[in-house]
Amino acid sequence: MPGAPDMPYLRYPGAPPAGTQLCHLDELPDTGAKGFLFGGDVNRFDMFVVRQGDRLYAYVNDCPHAHTPLDYMPDRFFNLEKSHLLCGTHGALFRVQDGHCVAGPCKGRRLTPIPVHVAEGMVRIGKFNVS
Ligand code: FES
C-alpha cells in the first residue's frame, strides 16, 4: 500500500495480524507492561505492551543484542526507576517511547515496534499507532 509504514515485526514468524486482541486496557497498569505469547516452536511470537498514562507502546520481546527476551521475570520490563525498559540478560536500557537503546551492549540499536490501539476498551494490534 503506498504510504503505508514499514512494519518489520511482520517479518517475524508467527506475528499476529492487525486486529488481534491482546487484553483489556485495565489489565495494563500505568507505567507497567505485559507480555503476550503467540504460537509455539518455530512460529512462537513473543511481544509486550507498555502503558505510560494514556500512551501505549508495543515491541517484539527480542533484545537486539543477543536476541533473548527482555523480561527477567514475567511482565518485568522496566528498570527500578521505571524510566526505561530493561533487558535482564545484560542490562541494556531502552527508551519507552521508541525502543531506542541508550545504554548497554546494543547502544544505538532499537527494539522492533508493533502498532497497537485501543478499541472499545480492548488493546489490539493495529495498522498504525493511534493510542
Ligand atoms: S541480550 Fe539484551 S543486553 Fe544482552
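For the structure itself, consult the block above.
None of these values were measured; they are calculated from a predicted model. (Residues numbered from 1 in each chain as written. Predicted model: local features only at pLDDT ≥ 70, side-chain atom pairs only at ≥ 80, totals over all residues.)

Can you tell me about the overall build of the chain, naming the residues and giving the values?
Across its full length, the chain carries 0 helices and 9 strands. Element order for the chain, N to C, with α for helix and β for strand: β-β-β-β-β-β-β-β-β. Against the 2.2 N^0.38 benchmark of 14 Å for 131 residues, the chain shows a C-alpha radius of gyration of 14 Å, consistent with a compact globule. In terms of its C-alpha atoms, the chain occupies a principal-axis envelope of roughly 35 × 30 × 30 Å. Counting every position in the chain, which comprises 131 residues, the buried fraction comes to 26%. Long-range contacts, defined as pairs at least 24 residues apart, comprise 44% of the intrachain contacts of the chain with a sequence gap of at least 6. (Helix = DSSP H or I, 4+ residues; strand = E, 2+ residues; numbered from the N terminus. Rg over C-alpha atoms; globule rule 2.2 N^0.38 Å. Buried ≥ 20, exposed ≤ 12 C-beta atoms within 10 Å, placed from the backbone. Contact = placed C-beta atoms within 7 Å.)

Just give me the short version of the nonpolar core, but keep the residues and values in it.
Core analysis: the largest hydrophobic core is formed by 29 residues, its most contacted members being Phe48, Val49, Val50, Ala58, Tyr59 and Ile114. Elements that contribute at least two residues to this core include exactly β3 (45–52), β4 (55–60), β5 (85–86) and β9 (122–125). The residues contacting Phe48, other than those within four sequence positions of it, are Ala33, Lys34, Gly35, Phe36, Ala58, Tyr59, Asn61 and Phe77. (Core = buried A, V, L, I, M, F, W, Y, C linked by C-beta atoms within 7 Å.)

Talk me through the environment of Asn61; I want residue IDs and the actual numbers.
Position of Asn61 relative to the elements: it lies in the loop between β4 and β5. The buried category is assigned to Asn61, around which 21 C-beta atoms lie within 10 Å. In this structure, the C-alpha to C-alpha distance between Asn61 and Pro113, residues 52 residues apart in sequence, is 9.7 Å. With sequence-adjacent residues up to four places away left out, Asn61 is seen in contact with Gly35, Asp46, Met47, Phe48, Pro69, Leu70 and Asp71.

Go over the sheet that holds β4 with me, naming the residues and quoting the values.
Spatial strand order, β2-β3-β4: 3 strands in an open sheet with antiparallel pairing. Two strands lie at the open edges of the sheet, namely β2 (32–38) and β4, each paired on one side alone. Taking each pair of neighbouring strands and ignoring which way they run, the sheet shows an average axis angle of 20°. Looking at chain direction, β3 and β4 are connected through 6 bridges and run antiparallel. Considered in β4, the bridge of Val49 is made with Ala58. (Pairing = 2+ DSSP bridges. Axes fitted to C-alpha atoms, helices over the stretch in contact; angles between N-to-C directions.)

Now, about unusual backbone geometry: what can you tell me, with residues and values included?
Even without glycine at this site, His67 takes up a positive phi of about 60°. Secondary-structure assignment places His67 in the loop between β4 and β5.

Report on the pairing of β4, specifying residues and quantitative values.
Burial analysis of β4 places 5 of its 6 residues in the buried class, which makes it a mostly covered element. Counting the residues that bridge the hairpin from β3 to β4 gives 2 residues, and of these Gly53 lies at a positive phi of roughly 65°.

I'd love a proper account of the sheet that holds β5, names of residues and values included.
On the basis of which strands lie adjacent, the open sheet formed by 3 strands has the order β5-β6-β7 and antiparallel pairing. Edge strands, defined here as strands with exactly one partner in the open sheet, are β5 and β7 (101–103). Two strands pair when backbone bridges link them, and strand β6 (residues 93–94) and β7 are joined in this way by 2 bridges, in the antiparallel orientation. Looking across to β7, one finds that Leu93 is bridged to Ala103.

How would you summarise the environment of Pro29 if you had to cite specific residues and measurements?
Looking at the secondary structure, you find Pro29 in the loop between β1 (21–24) and β2. With 10 C-beta atoms packed within 10 Å, Pro29 lands in the exposed category. Taking the C-alpha atoms as reference points, Pro29 and Pro105, 76 residues apart in sequence, are found 29 Å from one another.

Give a description of the environment of Arg11 that names residues and reports values.
Of note, Arg11 is situated in the segment before β1. For the pair Arg11 and Lys34, spaced 23 residues apart in sequence, the C-alpha to C-alpha distance is 22 Å.

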